[in-house]
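A closer look at the structure
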Amino acid sequence: MAEPVELKLMSDTVLDPKIHDGMLTYNPTIELFAGAAGSKTLQIWRSNGQVVVKSSQRGEKESVQALRWKPNGQFLAVGWSDGCVRLLGLENNKAIHQIPVCEAGSSRAITYIGWAQNLTGRRSSQATESVTAALQGLSLDGDRDESDHKEVLDLPRELTFLEIETALPKISPLPASGGSGDDMYVFTTRASLEFLFRPLSSGTSDEVDVMIVGSDDGSIHLSIYDSFVIGTFQFKAPKDKTPLKLSAHASHPDVSTHSLIFRSAADGGSNLLYVVPWDLTFIYSSPENLSLLAFKTTTLQKLLRYVKQVQMRMLYEWQATRELPGKFLNSINETLKEAGKYGEMDIGQAMYHSVVTGHTFPEVKEWLVDQLAERGHKRWDKAVVSGLEGLRALVHENFLPSLERIALILSRLLGIARFHDSKNDLGFTAAQVTKVMDIVSCLMLVGNKILLLVMEELELFHSFSTWLRFEIDRLASSTISEELSEKEATMEHGKILTYIQQYMKSSPLKTYLSSVSPDDSGRDRKQAEDGSSVLEMLDKQIRCQELGQTESGVLPQVEFLVTYLVDKASTVFNGIAEAERRSVRFGQPTKLELENRALKLDVSMSTTEQENTINSSTFTAVLQDGQPSNVHIYRTEVSVLNGISGATKTFYSCLSLGEAEIIDIKFLHGDSLLALITVNNEMRIIRIPHQSAELGYTDYVAGQSTVPHVLSTEQVTSVFPNMTVPADGEFVPVQMEIRGASKQRGHLPARVCLLGEDMQHYRVLSLPEKFV
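Rules used in this analysis
Residues numbered from 1 in each chain as written. Predicted model: local features only at pLDDT ≥ 70, side-chain atom pairs only at ≥ 80, totals over all residues. Heavy atoms only, no water. Helix = DSSP H or I, 4+ residues; strand = E, 2+ residues; numbered from the N terminus. Contact = heavy atoms within 4.5 Å. Areas by Shrake-Rupley, 256 points an atom, 1.4 Å probe, with all protein chains shown as cover. Axes fitted to C-alpha atoms, helices over the stretch in contact; angles between N-to-C directions. Parallel < 35°, antiparallel > 145°, perpendicular 65-115°, else oblique. Left-handed = near helix turned anticlockwise from the far one by under 90°. Nonpolar A, V, L, I, M, F, W, Y, C, P; charged D, E, K, R; others polar. Expected span 1.5 Å × (residues − 1). Bend = angle between axes of the 7 residues up to and from the residue. Core = buried A, V, L, I, M, F, W, Y, C linked by side-chain atoms within 4.5 Å. Buried < 20%, exposed > 50% of the residue type's maximum accessible area, 1.4 Å probe, protein only. Salt bridge = Lys/Arg side-chain N within 4 Å of Asp/Glu carboxyl O. Pairing = 2+ DSSP bridges. Phe/Tyr/Trp six-rings, centres within 6.5 Å; stacked < 30°, edge-to-face > 60°. Lys NZ or Arg CZ within 6 Å of the ring centre and 35° of its normal. Polar contact = N/O pair within 3.5 Å; in protein donor to acceptor, adjacent residues only side chain to side chain. pLDDT = per-residue confidence, 0-100.

Glancing now at the overall build of the protein. Within the protein one finds 14 helices and 32 strands. Pairs at least 24 apart in sequence give 66% of the contacts found in the protein among residues at least 6 apart. When the accessible area of the protein is evaluated, it comes to approximately 35300 Å², of which 49% is carbon and sulfur surface.

Attention now goes to the packing of helix α8 (residues 430–476) against helix α10 (residues 493–504). Interaxial distance between α8 and α10 falls to 8 Å at its minimum, and their mutual angle equals 120°. One way to sum up the angle between α8 and α10 is to call them oblique. Handedness of the crossing formed by α8 with α10: left-handed. Facing Leu453, Glu456, Glu457, Glu459, Leu460, Phe461, Ser463, Phe464 and Trp467 of α8, the residues of α10 in contact are Lys495, Ile496, Thr498, Tyr499, Ile500, Tyr503 and Met504. Residue composition of the contact of α8 with α10, grouped by class: 10 nonpolar, 2 polar and 4 charged.

In a regular helix each residue adds 1.5 Å, so 50 residues correspond to 74 Å; helix α5 (residues 290–339) covers 72 Å between its end C-alpha atoms and thus fits that length. Largest kink in α5: about 30°, centred on Gly326. Count one or two residues on from α5 and you reach Gly340, which has phi positive near 70°.

It is worth spelling out the nonpolar core at this point. Core analysis: the largest hydrophobic core is formed by 146 residues, its most contacted members being Trp367, Ile450 and Phe464. Ignoring sequence-local partners within four residues, the contact set of Ile450 consists of Met314, Leu391, Val395, Leu509, Tyr512, Leu513 and Val558. Val631, Ile633, Ala675 and Leu695 belong to the second largest nonpolar core, which has 23 residues in total.

In this section: the pattern of salt bridges. Here the structure, examined in full by the defined rule, presents 27 salt bridges. Linking Asp226 and Lys70 is a salt bridge whose minimum nitrogen-to-oxygen distance equals 2.7 Å. With a gap of 156 residues between them, Asp226 in the loop between β13 (219–224) and β14 (228–234) and Lys70 in the loop between β7 (64–69) and β8 (75–80) connect regions that are remote in the sequence. The burial state of Asp226 is the same as that of Lys70; both residues are buried. We note a salt bridge from Asp567 to Arg525, for which the minimum N-O separation is 2.8 Å. With Asp567 in helix α13 (residues 558–581) and Arg525 in helix α11 (residues 518–529), this pair connects stretches of sequence that are 42 residues apart. Overall, Asp567 belongs to the partly exposed group, its relative accessible area being 32%. Members of the salt-bridge network, linked through shared partners, are Glu374, Lys378, Arg469 and Asp473.

We now examine the sheet that holds strand β32 (residues 761–766). Adjacent strands of a sheet form backbone hydrogen bonds with each other and so pair up, either parallel or antiparallel. The strand order β2-β32-β31-β30 describes an open sheet built from 4 strands, whose pairing is antiparallel. Strand pairing shows two members of the sheet lacking a second neighbour, β2 (8–14) and β30 (733–739), which therefore form its edges. Neighbour-to-neighbour, the strand axes of the sheet open up by a mean angle of 20°, direction not taken into account. Two strands pair when backbone bridges link them, and β30 and strand β31 (residues 751–756) are joined in this way by 6 bridges, in the antiparallel orientation. Considered in β31, the bridge of Met736 is made with Leu754.

Further remarks concern the environment of Val562. Within the fold, Val562 resides in helix α13. Judged by relative accessible area, which is 1%, Val562 ranks as buried. As a C-alpha pair, Val562 and Arg305 span 257 residues in sequence and 10.0 Å in three-dimensional space. Contact partners of Val562, with chain neighbours within four places excluded, come to Val307, Lys308, Gln311 and Leu443.

All right, on to the packing of aromatic side chains then. Counted according to the given criterion, the structure contains 23 aromatic pairs. Judged by centre distance (6.2 Å) and plane angle (65°), the rings of Tyr652 and Tyr700 are edge-to-face. Pair noted here: Tyr652 is in strand β23 (residues 644–656) and Tyr700 is in the loop between β27 (698–699) and β28 (709–710), with a separation of 48 residues, a long-range link. An aromatic cluster is defined as three or more aromatic residues linked by ring pairs; in this entry it consists of Phe328, Trp380, Phe461, Phe464, Trp467, Tyr499 and Tyr503. The ring of Tyr697 carries Arg635 above its face, with NZ or CZ at 4.6 Å from the centroid.

Here we come to the sheet that holds β7. With respect to topology, 4 strands assemble into an open sheet ordered β7-β8-β9-β10, the strand pairing being antiparallel. Among the strands making up the open sheet, the edge pair consists of β7 and β10 (95–100). The average undirected angle you get between the axes of adjacent strands in this sheet is 20°. Relative to β10, strand β9 (residues 84–89) runs antiparallel, the two being bridged by 5 bridges. What sits directly across from Cys84, in β10, is Pro100.

This brings us to the side chain of Arg86. Within the secondary structure, Arg86 sits in strand β9. Within the structure, the side chain of Arg86 is placed 2.7 Å from the side chain of Asp82, a separation counted as a polar contact.

At a closest axis distance of 9 Å, the pairing of α11 and helix α12 (residues 534–546) adopts a crossing angle of 135°. Relative to α12, the element α11 lies oblique. At the point where α11 passes α12, the crossing takes the right-handed sense. Contacts between α11 and α12 involve Asp524, Gln527 and Ala528 on the former and, on the latter, Val534, Met537 and Gln541. Tallied by class, residues from the contact of α11 with α12 come to 3 nonpolar, 2 polar and 1 charged.

Averaged over the protein, the pLDDT score is 84; the fraction of residues at 70 or greater is 90%. Across residues 122–149, confidence stays below pLDDT 50; counting only partners more than four residues off in sequence or on other chains, it has 20 contacts.

Before going further, it helps to examine the pairing of β23. Bridge analysis of strand β22 (residues 630–641) against β23 gives 11 bridges, and the strand direction is antiparallel. Directly across from Ile633, in β23, lies its bridge partner Ser653. In sequence, β22 turns back onto β23 through a hairpin of 2 residues, with Asn642 there showing a positive phi of about 55°. In the sheet, β23 pairs with β27 via 2 bridges, with the strands oriented antiparallel. Residue pairing across strands places Tyr652 opposite Thr698, the latter belonging to β27. Pairing of β23 with β28, which is carried by 2 bridges, proceeds in the parallel orientation. Residue pairing for β28: Ser656 is matched across the bridge by Val710.

Laid out in structure tokens, this is it:
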């Protein structure tokens with residue numbers, strides 16, 4: 001055996017133990033670290049120590065319970081003690097997605113977060129290959145060279161995944177002010193929007209991202225495509241009342257059956273492990289449309305969140321146009337009322353009188369000259385103009401474009417529903433999608449109405465504001481200058497009077513931008529649920545309000561329509577999730593009885609395919625308390641037919657590494673188990689081929705001890721490929737993390753990450769290519 005290779009040091013970072021406390025993870029594709037000390041603060045930093053993200057929750061008692069990077073490095077999933085998993089994107093220090101896992105106020109805690117990626121559409125790919133081969137075999141002249149053959153595309157598939165939305169202008173970032181809630185700042189930057197709304201490429205259309213979150217009561221929360229929630233599932237061991245928690249998870253892209261490792265939820269764990277196959281048969285049974293359906297629905301969910309934030313900002317901008325002028329007008333109205341000599345006259349009537357006759361009442365003159373004056377007029381003008389222009393921009397640049405994208409997605413969902421009809425249980429119907437499209441049409445109508453009214457109000461207010469400033473200057477001066485006379489001659493008195501009558505006291509925009517009471521909302525919603533067309537009902541109510549009829553509903557209100565849209569869309573989402581939830585099942589569990597408590601464990605899965613059956617092998621490597629030199633490896637085999645797992649069979653091997661002390665173990669790919677050991681006062685990493693028949697696997701029988709394969713210290717360093725860890729005498733690792741090679745953001749080799757026992761030094765070393 002050749003001499004051991006010394007690992008190359010990539011980075012050596014000195015950390016503050018207070019910010020991680022051992023809860024530390026390394027990004028798979030870029031040199032970023034994330035850590036939390038079970039405290040309120042989560043940090044992401046570079047290898048040079050520069051903090052990139054510092055995030056904390058508002059609750060005083062909320063803490064981080066679990067961390068896990070997505071395999072492509074795009075998201076960091078953070079499980080908080082409030083029961084939510086929040087996904088942080090690299091382009092934004094705010095949570096891109098929030099996924100409730102545990103009920104608020106419950107005693108459940110998040111114990112594990114796992115990511116996986118499964119491939120779907122394999123039958124479609126095989127069909128494409130066969131069609132391509134058949135067409136390439138045809139030749140008109142019989143003399144075509146093999147180099148003339150071109151790849152034949154699957155036209156139906158290409159049309160299925162054709163992205164029409166890319167032809168639309170990109171939706172614009174939202175203003176930073178005016179929003180509320182957890183999504184307040186999510187959509188405020190271009191980088192964040194491009195990160196969230198990425199098109200579905202045909203090259204990745206067969207990939208299904210899966211996120212699994214485990215709780216300490218044995219519950220498992222399943223979501224796909226980052227944020228589409230499938231539901232929560234409960235595993236309970238047969239004839240065992242001990243509460244269990246998910247401790248590890250393994251999967252393979254080619255098989256939709258995952259392997260879950262459960263152990264006791266009690267502090268310190270126990271000597272019992274359960275290996276449980278978990279069949280996600282909806283991934284297998286829907287190979288053609290699952291990725292498209294999930295991608296469209298998750299994009300629709302994000303667009304609905306975007307529209308909700310736009311609606312909040314629209315209300316904020318409109319209220320800004322009314323708040324300050326309302327204070328000015330209320331002040332003079334109180335003065336006129338206290339004077340008691342003008343009857344029921346308000347400032348609107350007084351201003352109308354001034355425009356028509358040129359006479360100004362003394363109280364109004366005093367208010368204009370002494371209270372409002374030039375400074376007050378500028379504030380009034382700025383509040384109204386900036387608010388209306390902001391509202392116009394929101395409707396034109398954000399509201400209507402996002403509704404167009406929603407309409408396109410709904411039309412795609414409608415096509416899927418009509419294509420499948422009753423042949424497949426999609427979980428939603430064409431009638432449900434049509435209802436949502438009807439609400440979107442209402443919002444488009446309302447958006448255009450608002451846009452027209454805003455432009456009209458801006459024009460009228462400009463004339464009114466010019467006259468108001470003229471009145472202030474005229475009343476403040478003893479003589480009328482030539483400049484004032486010229487201003488008066490150019491004024492459009494008709495527009496001034498229209499604004500005073502129709503907009504100053506109560507703008508027509510209140511029909512669309514007012515708050516909605518629960519009673520009014522419930523009445524109109526009940527009427528809409530009766531089967532009537534929402535668009536027809538809306539059109540009728542708008543006509544009544546434009547005619548000045550007092551009896552009207554709340555359908556024109558943007559707040560009501562957006563809330564109604566979200567609720568009806570949620571019905572579609574819940575139906576899809578329910579249909580997929582019915583095709584999730586737990587397979588036959590395997591109970592592993594260890595001699596001692598498991599200190600550390602890792603799990604990996606590999607597959608082999610035979611005709612229509614996939615044979616899956618789950619390898620569970622365990623370090624037990626009191627056995628510092630032994631590696632226990634369990635191989636659980638199960639056959640998967642049509643996405644459903646069958647009976648399991650478990651084999652066992654125990655490997656004793658002589659006098660070496662094993663610090664940590666981790667799987668790399670499907671063929672290597674890396675063990676971090678100390679031997680002869682040296683720190684080494686050895687690669688154990690855990691699938692090799694030479695490990696002497698025997699049938700596993702619970703409670704029956706097996707004689708380990710004992711190797712001498714010399715054999716450990718000669719039988720297994722091994723690498724030495726550069727040491728300076730002070731660095732003693734206690735925790736290891738493995739990352740495979742990545743080319744997504746520049747080439748990164750396979751890496752091993754080691755945390756020192758002082759909880760301060762964190763070293764990243766590159767693994768030689770010949771060992772990985």
